[in-house]
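Survey of secondary and tertiary structure
Next come the chains, spelled out residue by residue.
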Amino acid sequence: AMSRLPDTESWAAADVASVAAVIKSPALAVLLTYWVTLSVFPAVTAATVSSRHCAPGTARFWNDLFVPTLFFLFNFADLVGRVVQARWQPFNGTSLFWLSVGRLLLLPVFWGMRVNESRLTQPFKNDVFPLIMSLIAGFSNGYVGTAGMVHASRLVPVVHRDLASTVAVTALTLGLLLGSVSSFGTMWLIQG
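What comes next is a walk through the structure. Predicted model, so just to flag it, every value in this text is computed and none were measured. (Residues numbered from 1 in each chain as written. Predicted model: local features only at pLDDT ≥ 70, side-chain atom pairs only at ≥ 80, totals over all residues. Heavy atoms only, no water.)

**Considering the nonpolar core**
- Formed by 17 residues in total, the largest nonpolar core has its most connected members in Val40, Val44, Leu106, Phe110, Val115, Met133 and Ala137.
- For this core, the secondary structure elements donating two or more residues are α2 (24-40), α3 (43-47), α6 (106-111), α7 (128-154) and α8 (161-191).
- At 4 residues, the largest contribution of residues to this core is made by α6.
- Each residue touching valine 44, except ones within four places of it in the same chain, is listed here: Ser39, Phe110, Val115, Thr186, Met187 and Ile190.
- One finds Ala27, Ala152, Leu155 and Ala171 within the second-largest nonpolar core, a separate group that totals 11 residues. (Core = buried A, V, L, I, M, F, W, Y, C linked by side-chain atoms within 4.5 Å. Buried < 20%, exposed > 50% of the residue type's maximum accessible area, 1.4 Å probe, protein only. Helix = DSSP H or I, 4+ residues; strand = E, 2+ residues; numbered from the N terminus. Contact = heavy atoms within 4.5 Å.)

**Structural notes on the packing of aromatic side chains**
- Tallied over the entire structure, the rule returns 9 aromatic pairs.
- Where phenylalanine 41 meets phenylalanine 74, the ring centres are 3.9 Å apart and the plane angle is 15°; that geometry is what we call stacked. Of the two residues, phenylalanine 41 sits in the loop between α2 and α3 while phenylalanine 74 sits in helix α4 (residues 66-87), which places them 33 residues apart along the sequence. The burial state of phenylalanine 41 is the same as that of phenylalanine 74; both residues are buried.
- When the ring of phenylalanine 139 is compared with that of tyrosine 143, the centres are 6.1 Å apart and the planes differ by 20°; the resulting orientation is stacked. In this pair, phenylalanine 139 and tyrosine 143 are both assigned in helix α7, 4 residues apart and thus about one turn of the helix distant.
- Put simply, the rings of Trp88, Phe91, Phe139 and Tyr143 pair up and form one aromatic cluster.
- Lying across the ring of tryptophan 188, arginine 119 places its NZ or CZ 4.6 Å from the centre. (Phe/Tyr/Trp six-rings, centres within 6.5 Å; stacked < 30°, edge-to-face > 60°. Lys NZ or Arg CZ within 6 Å of the ring centre and 35° of its normal.)

**Some points on the pattern of salt bridges**
- The full count for this structure, using the stated rule, is 1 salt bridge.
- Between aspartate 78 and arginine 82 there is a salt bridge, with the nearest N and O atoms lying 2.7 Å from each other. Taken together, the residues aspartate 78 and arginine 82, both in helix α4 and 4 residues apart, mark about one turn of the helix.
- Using a relative accessible area of 11% as the deciding quantity, one classes aspartate 78 as buried. (Salt bridge = Lys/Arg side-chain N within 4 Å of Asp/Glu carboxyl O.)

**Points about unusual backbone geometry**
- Look at the link from phenylalanine 41 to proline 42: it is a cis peptide, with omega at 15°.
- One non-glycine residue, glutamate 117, lies in the positive phi region at around 60°.
- As for its position among the elements, glutamate 117 is in the loop between α6 and α7.

**Thoughts on the side chain of threonine 186**
- For threonine 186, the location among the structural elements is in helix α8.
- Residue threonine 186 is classed as buried on the basis of its relative accessible area of 7%.
- If we ignore the near neighbours within four places in the chain, the residues touching threonine 186 are Ser39, Val40, Val44 and Trp111.

**Some thoughts on α4**
- Under the 1.5 Å per step criterion, the end-to-end length of α4 is 32 Å for 22 residues, consistent within 8% with the ideal 32 Å.
- Within α4, the full set of buried residues consists of Phe66, Val67, Thr69, Leu70, Leu73, Phe74, Ala77, Asp78, Gly81 and Gln85. (Expected span 1.5 Å × (residues − 1).)

Printed below as a string of structure tokens:
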């Protein structure tokens, strides 16, 4: 649905609050997506260890290559999510918001993985969890984050897209800030 903003260039600048109100769902989706992502990636991922770490006869993959593999999987899946978003966009702003809220379910799984010096119960200590969660977190970050940015600018008339994009980038930046700060709390929760 298009906005109620005037579609004339004579209306020199759209009111920021009006544009923000129109794009609030995709902007909040972007904010929440990056907040959740940076709460656990890279801090928790970097502290994740394989259940076979330092076990006699264990392949190098399960030791010093395990975390770099998790980083690769996350970033590869993030790229795939962005590419898929360019070709498949069935979600509106509200749906993107709820997808970003659904990503909150990633948090307890990351908290419960085998993290170095964790003081929490680790129900997800099998090595398959960090591998799969890196893929899920990466793909959903790339897809929802990019779709939210694209969708936000499509909700307003062409003359207001620059302002809508600026508001969306502000939401992205706030999500990065909140996620970065939250990662300290996340690591405190896990390691004390």
